[in-house]
Amino acid sequence: MEVLFFYLVALVAVLSGLIVVTAKSPVNSALALVNTFFCLAVFYVMLHAPFMAAIQIMVYAGAIMVLILFVIMLLNMGVEPHKKPTHIAWGAIGGTLVLLVSILFIQRGDTARAVGNISKDVVLREGHTALIGKAMFVDFLLPFEIASILLLVAIVGAVILAKKEV
Amino acid sequence: MENLVQMALQNVNMAAIMPSLVLCCFGMFLLMINVFMPRGKTTAASLISLLGLAVTFVVTLRAWNHPELGFAGHVALDNFATFFNVIFLIAAFLTVLMSDDYLHREGYPVGEFYPLVLFTTAGAMWMASGTDLMTVFLGLEVLSISLYVLAGLFRGQLRSNEAGLKYFLLGAFSTGFLLYGTALLYGVAGTTNIADIGFYLSAHGKMLQNPMTIAGMLLLAVGFLFKIAVVPFHMWTPDVYQGAPTPVTAFMSAGPKAAAFAALVRILILGLGGLQADWSSLLWMLAVLTMFIGNVTAIYQTDIKRMLAYSSIAHAGYALVGLVAANAVGISGILFYMLAYTFMNIGAFAVLVLAGKQGEDNLTLEGFSGFGYKRPFLGVAMSIFLFALMGIPPTAGFAGKFYIFAGAINAGYIWLAILGVLNSAISLYYYLRVMVYMYFREPQEDYGWVRMNPGTVVSIVLAIVGVLYLGVVPGKIMEMAKMALF
């Protein structure tokens, strides 16, 4: 049952992903992207990660999508004129190769093992959210702080490149 | 709850991140200062950033032979990291020295240039000292995002816009590869710590041939090889190097390249040492391709910046030879070579900074006709840097290539060494051609008055000293490079 449900959601996720890149109107693309985000949230729930699912919906489907829609609105983007796609042959060849290699990996790969410290029991005992907090602020404290510098740099860069006069 | 705070504090070891911490403090201080500075006055900012780099240099040197670990195995300020940190600081210092006058000449005196250079350097430091794939990845991102901005800094110039955008799009793409590789290796070993991945793989030998491990290694390698500009991930290099502001190009060709090498060496040797047979045969082919394509394409360039871009691709190929050898001489050869390359390449770009006129349309071979007589000092300096890039004794380039190829021969890669030397011979053609234009052609036009900006001249002189010192007495630095191995 769970497997069936997974395939169903996965199908929706892939289809919405396709719509994101093929849709003519940017608004349609954005809405399809919201759909993809929701499907990802469902995956998180299925992986017993409810906190991640909630964050996924709040941050990605909520905040980030609103920003994207705002940008679309402010830039007043219209429907993209129909252009004949180029390099379709290369894309097809590349896509087929990637597909074949992925099939090979899935066949030969051993994905059913669990490695690492965090098992299902640990999650049940300590709680999912507490574990994320511990990972973020104890084990991954330095990367967390570096990420703040990263955001600072990105903000400064965006201002420099976008401001009318520096 | 208090328990968690204690656990978090236990892991903190400020000494392990001191150099990057000092740089970030100076960077943030500069950002604040810039707000109060009148528009277009950037000299103070450049001086403060020079001070910051000098302070960091002292802090970094104190860490030599005093390795520090910290942050739950996320960072290791060992000799390896310190050696690379010194390279980044030298690259940043020389770059800042030549930038102030250049930014004014080109009409973009942007004060935020300097903090961004400092943050880039800090990002490079996290790449070199990071012992966890996450730290390395975030360091790479800090470095890359600052560089995207710096490359596109001249907003009114189409070439600079193109450089920034191209670098950003392709860089973001390659970051995706890197992150995917990290995720796969995490799936294999259950950890992102580089050494722990190595332990896991040596304990579970059959995981080595698992496609997931190999795919993870390949994707990680693609991410770093892109930054190093190895064929076939080099397509962005000529356009970005040509379009970016010249001091940024100078920095980009030395600092980030060394940083990506540092991360790649640490990950491949410590984490994926069990797969050496796989990655060394792959890198063998890439090194040969990179050397040939870089050198042969450079022959056809008439724009000097573009020529140096292709030459930098070729030099990435030489350095890669050391990684293929993967023995003590080869790896310490990479360290030495990166230091030598920093001096000679940044020096060459510093000469271009002074030789260029606004817009830099005169930086072609034709534009260099008779340059050596009109500008004797710059001509001699350029000749020294070109000799070093060729690899002619007694310059740093010769010593660097010597160590790298010696490492390859020791490891039994005799053909690789022969192909490398052959490539150096090819490269003679296009480096010497610049000198032929400088000394054996009549000047095409009047050069006008070149402003010998003191900062840039100091930068050139420092680079000459570095090139000659490393070339004449390479032994001491090479000993240090050997001590830097883990």
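Values in this document were obtained by computation on a predicted structure and should not be read as measured data.

## A look at the overall build of chain B
Counting secondary structure elements, chain B contains 20 helices and two strands. Compactness check: chain B gives a C-alpha radius of gyration of 22 Å against a globular reference of 23 Å for 486 residues, within 12% of the reference. Judged by the C-alpha coordinates and their principal axes, chain B covers about 70 × 60 × 40 Å. Of all 486 residues assigned to chain B, the portion counted as buried reaches 65%. Sequence separation of at least 24 residues holds for 81% of the intrachain contacts in chain B that already meet a minimum separation of 6. Put simply, chain B shows about 16700 Å² of open surface, and 71% of that area lies on carbon and sulfur atoms. The centroid of the 22 positive side-chain charges in chain B is displaced by 5 Å from the centroid of its 21 negative side-chain charges.

## Details of the interface of chain B and chain A
The accessible area lost on association of the parts is a frequent measure of interface size. Contacts between the two partners involve 45 residues from chain B and, on the opposite side, 32 residues from chain A. Buried area between chain B and chain A, summed over both chains or domains, comes out near 3100 Å², and the portion from carbon and sulfur atoms is 77%. At the junction of chain B and chain A, the tally comes to zero salt bridges. Inspection of the region where chain B meets chain A yields five residue pairs in polar contact (both at pLDDT 80 or more). When residues of the side of chain B that touches chain A are traced back to their parent elements, those giving at least two are helix 1 (2–11), helix 2 (18–36), helix 5 (113–129), helix 6 (133–151), helix 7 (158–189) and helix 9 (211–228) of chain B.

## Quick notes on the nonpolar core
A general tendency of soluble globular proteins is for nonpolar side chains to be buried together. Residue and element names in this part refer to chain B. Counting residues in each nonpolar core, the largest one holds 193 residues, and the members touching the most others are Phe84, Phe224, Leu272 and Leu323. The biggest single contributor to this core is helix 14 (residues 328–355), with 20 residues. In this view, Phe84 contacts Ala128, Ala258, Ala262, Leu335 and Met338; residues no more than four positions away in its chain are not counted.

## A few points about the environment of Ala406(B)
Mapped onto the elements, Ala406(B) comes out in helix 17 (residues 396–410). Look at Ala406(B) and you get partly exposed, because its relative accessible area is 23%.

## Brief notes about unusual backbone geometry
Note: most residues except glycine have negative phi, and most peptide bonds are trans. All names here are of chain B. Residue Pro232 is reached from Val231 by a cis peptide bond, and omega for that bond is 5°. Positionally, Pro232 belongs in the loop between helix 9 and helix 10 (236–243). Although it is not a glycine, Asn65 adopts a positive phi angle of roughly 65°. Residue classification places Asn65 among the partly exposed residues on the basis of a relative accessible area of 43%. Positive phi, close to 55°, is recorded for Ala72, a residue that is not glycine.

## What to know about the packing of helix 12 (residues 276–299) of chain B against helix 18 (residues 414–440) of chain B
To describe two helices that pack against each other, one gives the angle between their axes and the distance between the axes. All names here are of chain B. At a minimum axis separation of 9 Å, helix 12 and helix 18 run at an interaxial angle of 15°. Considering the angle they form, helix 12 stands roughly parallel to helix 18. The hand of the helix 12/helix 18 crossing is left-handed. On the side of helix 12, the interface is formed by Trp284, Val288, Met291, Phe292, Asn295, Ala298 and Ile299, while helix 18 contributes Trp415, Leu416, Leu419, Gly420, Leu422, Asn423, Ile426, Ser427, Tyr429, Tyr430 and Arg433. Looking at the contact of helix 12 with helix 18 residue by residue, the class counts come to 13 nonpolar, four polar and one charged.

## Description of the pattern of salt bridges
Residues and elements named next belong to chain B. One pass over the structure, following the stated rule, counts six salt bridges over all chains. For Asp239, the salt bridge identified is with Arg306, shortest N-O distance 3.1 Å. Within this pair, whereas Asp239 is found in helix 10, its partner Arg306 is found in helix 13 (residues 304–325), the two being separated by 67 residues in sequence. Here the residues in one salt-bridge network are Glu162, Lys166, Asp239 and Arg306, joined through shared partners.

## Notes on the side chain of Ser16(A)
Residue and element names in this part refer to chain A. Its place among the elements puts Ser16 in helix 1 (residues 2–22). We classify Ser16 as buried; its relative accessible area is 4%. For Ser16, the side chain forms a polar contact with the main-chain oxygen of Val12, separated by 2.4 Å. Here Ser16 is in contact with Ala32, Asn35 and Thr36, once residues within four sequence places are set aside.

## A short note on the state of the cysteines
Residue and element names in this part refer to chain B. Across all of its chains, the model carries zero disulfides over all chains by this definition. There is no disulfide at Cys24, and the cysteine sulfur nearest it, in Cys25, is 7.1 Å away. A relative accessible area of 5% means that Cys24 is categorised as buried.

## Regarding the domain arrangement of chain A
Residue and element names in this part refer to chain A. Once the domains are mapped, chain A shows domain 1 (1–79) and domain 2 (117–166). Put simply, the middle of domain 1 and the middle of domain 2, counted by C-alpha atoms, are 22 Å apart. Facing the five residues of domain 1 at the interface are four residues of domain 2. Across the domain 1 to domain 2 interface the summed buried area is about 360 Å²; carbon plus sulfur atoms make up 81%. On the domain 1 side of the contact with domain 2, His48, Phe51 and Met52 bury the most area, a combined 84% of that side's loss. Linking domain 1 with domain 2 are zero salt bridges, by the criterion used here. Residues belonging to the side of domain 1 that touches domain 2 are distributed by class as follows: four nonpolar, one polar and no charged.

What counts, and where the lines are drawn
Residues numbered from 1 in each chain as written. Chains lettered and ligands numbered in written order. Predicted model: local features only at pLDDT ≥ 70, side-chain atom pairs only at ≥ 80, totals over all residues. Heavy atoms only, no water. Helix = DSSP H or I, 4+ residues; strand = E, 2+ residues; numbered from the N terminus. Rg over C-alpha atoms; globule rule 2.2 N^0.38 Å. Buried < 20%, exposed > 50% of the residue type's maximum accessible area, 1.4 Å probe, protein only. Contact = heavy atoms within 4.5 Å. Areas by Shrake-Rupley, 256 points an atom, 1.4 Å probe, with all protein chains shown as cover. Lys, Arg positive; Asp, Glu negative; His and termini not counted. Charge placed at Lys NZ, Arg CZ, Asp CG, Glu CD. Buried area = accessible area lost by both parts, 1.4 Å probe. Salt bridge = Lys/Arg side-chain N within 4 Å of Asp/Glu carboxyl O. Polar contact = N/O pair within 3.5 Å; in protein donor to acceptor, adjacent residues only side chain to side chain. Core = buried A, V, L, I, M, F, W, Y, C linked by side-chain atoms within 4.5 Å. Axes fitted to C-alpha atoms, helices over the stretch in contact; angles between N-to-C directions. Parallel < 35°, antiparallel > 145°, perpendicular 65-115°, else oblique. Left-handed = near helix turned anticlockwise from the far one by under 90°. Nonpolar A, V, L, I, M, F, W, Y, C, P; charged D, E, K, R; others polar. Disulfide = S-S within 2.5 Å. Domains from an automatic or database assignment.

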